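# Examination of the molecular architecture
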Amino acid sequence: MKLRLLTLITLLFAICAVTAQEPTIIPTPRQYCSNDGKFTLNKDCRIGWTNDKLEPIAHYLADYLQIEAEAEGTDIILCHLLEGAEEYSITISEHNIYIGGGDYGGVFNGVVTLLQLLPDEVYSHSLQLPATIECCTIDDAPRYPHRGFMLDPCRTWITKEAIMDYIDLLALHKINNLRLHLTDDEAWRLEIKSHPELAEVGGFRGGDSPIWPRYGKWNERWGGYYTQDDMREIIAYAAVRNIEVIPEIDLPGHSLCMATMHPEILCNYEPNKSRAFGYDTRSAFCPTKESNYELLEDIIKEVCELFPTSYIHIGGDEVDMSQWRRCPDCQAFMHKNGMTEESELQRYFMSRLTEILAKYGKQPAVWNEAIEGGKLADDTRVYGWEGIKECRTSAREGYSTVVMPGQYFYFDMKQTPREPGHDWAAIFDYTKVYNFTLAGVGFTEEESKNVLGFEASFFSEAYASRNPESARYLHYMTFPRLLALAEICWVNSDERDVDAFYTKMVRHYDRLDRMGVAYRLMPPKVEFANGTLSATTDDFSDIYYRREPMTTEMLYTEPIATDRPAEYSFVARRGEAMSPEAGVAAHFKTVTPPFTITSSMGDRENFSFEKAQGYGRLARTSRAADVGDWVEFTFDTSVRCRRMKVATGNFQLPRFIFENGYVELSYDGRTYERVGELECGMFFIEYPSRPIKSVRITCTSQGNGAEWVSVQPPTIWPML
Ligand code: TNX
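Since the structure is predicted, the reported quantities are computational estimates derived from the model, not experimental observations.

## Details of the site of the ligand
Neighbouring the ligand are 13 residues; Arg155, Tyr410, Asp412, Trp424 and Glu461 lie closest to it. In the model, an oxygen atom of the ligand is placed 2.8 Å from a nitrogen or oxygen of the Trp424 side chain. Interatomic distance of 2.5 Å between a side-chain N/O atom of Glu461 and an oxygen atom of the ligand. Protein burial of the ligand: of its 360 Å² of free accessible surface, 96% is covered by the chains. Looking at the shell around the ligand, its residues break down into six nonpolar, two polar and five charged.

Next comes the structure, spelled out in structure tokens:
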């Protein structure tokens, strides 16, 4: 059978002709050859398999095609045929379809490609039968064995069901690795049977939980965790879809949540808790305490038993080593062992964990900082996130390296400046991901050999305040960037043609629409000339516009004659997808009239109110806010404007905020009128009736789980 098939495939390739209209396949296959004729899929067709291990794939496919799968099926045949990992070939003749793979993953990849040869309805499980597929042969294999994605259910709780929905999207783009960032300062999301409090307490923050609220959901106790049964379900669901799940237990830093429940893990000194209402904000394990390794072994043992993957990610990023510097035990330990840098303590900690992992048959995966304190075990896998330099160092030192520098692969970054997200690494859209190549950023050939693949991440600080009960924000931030990731992880070439890829993406959007994905569309192109305002898109979306001060959206059907173009803004929509707002530059202009900040809390050095008064920077108060504490913005000259935003917290995140509070306006600097409540630490004043002299925000809750409140300069949109 194997031989006959191989001959058949060779023959078909020999006579194949490249057609003008190839089907849209993302990621692009190595070789596609079209042949004459069509295969007809009707409801009597059966999906069969030659090896029982492939049965789950047959059922997966059957569910999409709405036909039956049975071992003896001969219309669509799944078989092991080739050699290479994840390699596959598809042969479609008028009589049947063969999908041969080098392994389970290969066959799965073939099935994913087959779906892309079918009408788009297949993605909404509503394929009309009979359906026809053009005869063809496809031969394909991935460039990198690691095509990863990381989800952060800590900062924002992501339910088991939502994870599974997302796994489906990953699988359909041949992403084969999902890392779950299961612990962080804000939450502990995995049931640990020997220490049930970790998830039962640490899975929830806010309300009456000892874990303080952050990033949203202030008043209620909010969150969740995965039981070990839930996790087994996720792992099995992913495995069917050729996705390996790697857990991350982020150590020894990022452990504030854990420390809230187990303060004994912390260093040996009394912290100053007075600025944070008695809350200890320390976040790092003390590496010198033997009891810490006992506690961690309990945890790691369960994690190792639960996850079939051979790698367990144990963190190693952003450890606040000032805690180790202040700790007499850490200092004595360093002295005794001839260490001069705190990073060597981190290396010691990681080595201890590596021993524990080895005991349970696992290998360590770490963030790139963990290799700074000296050599770790040879089989350590390193995830490079800080930058290209760190990724190259890791590869050069011989570690198997996952390349994921923030400025290319952090999908929690903004896509343009006015959109939501972080900007610490970069502001970028799918084009930057697509154009990434190792050679292009300076990797030598030697270094490239140690690159296992690429991974994108979605850290979720900003998601918590954006209706996380819906997948919209997750989709918007990760699609279409994920399409570009899938393409560059897969295609064995450094050549790039961004226009051609865009055209393909737009065709692929039909499938995303079928699945209800709320991907991000490119903003409409807006032009104003000769008294006419026009907006265009090239992705078959509808354009809507809004005219200030109206809030209702209207369908845009033709250019608008106006002498006030700045009053208009436009968005594109198709299906659930949406673009950011577009308009002429004047629409988005803000102004910076001089003002002064005063507060009942005072400011702190290096983050003085004076600096924020220059509009460029944040200020910090000297302590966290109590009930009745206030911050006031007073303008030198009263300001007439159409909109003003006042906000506590960091620029992109509701963190270090007034958890609750209200806003008062004064037109004369003497009398105040209450205009509303803060939401996530901020408030928008819309079309104030008179020029504003000052705005005061008053806190109605105690503390925010930190030692200060961040104060932003107001954002002011002038009258148009
Ligand atoms: C840096 S990535 C972090 C995370 C944040 C992320 C936000 C990494 C190892 N550390 O804790 O969530 O930036 O983009």
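## Some points on the packing of helix H4 (residues 160-171) against helix H6 (residues 228-240)
To characterise two packed helices, one gives the angle between the axes of the helices and the distance between these axes. In contact at an axis separation of 10 Å, H4 and H6 are set at 10° when each is read in the N-to-C sense. With respect to H6, the axis of H4 lies roughly parallel. Across the interface between the two elements, Lys160, Ile163, Met164, Ile167 and Asp168 of H4 pack against Asp230, Glu233, Ile234, Tyr237 and Ala238 of H6. In the contact of H4 with H6, the residues fall into six nonpolar, no polar and four charged.

## Brief notes about the sheet that holds strand S29 (residues 630-639)
With antiparallel pairing, five strands are arranged side by side in an open sheet as S27-S29-S34-S31-S32. In this open sheet, the two strands that pair with only one neighbour each are strand S27 (595-599) and strand S32 (673-677). On average, adjacent strands in this sheet sit at an angle of 20° to one another, irrespective of strand direction. Here strand S31 (residues 661-666) pairs with S32 via four bridges, running antiparallel. Bridge pairing in S32 links Glu664 to Arg674.

## Comments concerning the packing of aromatic side chains
Within this structure, the stated rule accounts for 40 aromatic pairs. Where Tyr144 meets Phe454, the ring centres are 4.8 Å apart and the plane angle is 50°; that geometry is what we call tilted. Taken together, the residues span a long stretch of sequence, with Tyr144 in the loop between strand S7 (131-140) and strand S8 (146-151) and Phe454 in strand S19 (residues 451-458) at a distance of 310 residues. Like Phe454, Tyr144 is buried. An aromatic cluster is present here, built from Trp367, Tyr383, Trp385, Tyr410, Trp424 and Phe459 joined pairwise through their rings. The ring of Tyr434 carries Arg496 above its face, with NZ or CZ at 5.7 Å from the centroid. Lying over the aromatic face of Tyr544, Arg573 brings its terminal NZ or CZ to 5.9 Å of the ring centre.

Reading guide: rules and limits
Residues numbered from 1 in each chain as written. Predicted model: local features only at pLDDT ≥ 70, side-chain atom pairs only at ≥ 80, totals over all residues. Heavy atoms only, no water. Near = heavy atom within 4 Å. Polar contact = N/O pair within 3.5 Å; in protein donor to acceptor, adjacent residues only side chain to side chain. Areas by Shrake-Rupley, 256 points an atom, 1.4 Å probe, with all protein chains shown as cover. Nonpolar A, V, L, I, M, F, W, Y, C, P; charged D, E, K, R; others polar. Axes fitted to C-alpha atoms, helices over the stretch in contact; angles between N-to-C directions. Helix = DSSP H or I, 4+ residues; strand = E, 2+ residues; numbered from the N terminus. Parallel < 35°, antiparallel > 145°, perpendicular 65-115°, else oblique. Contact = heavy atoms within 4.5 Å. Pairing = 2+ DSSP bridges. Phe/Tyr/Trp six-rings, centres within 6.5 Å; stacked < 30°, edge-to-face > 60°. Buried < 20%, exposed > 50% of the residue type's maximum accessible area, 1.4 Å probe, protein only. Lys NZ or Arg CZ within 6 Å of the ring centre and 35° of its normal.

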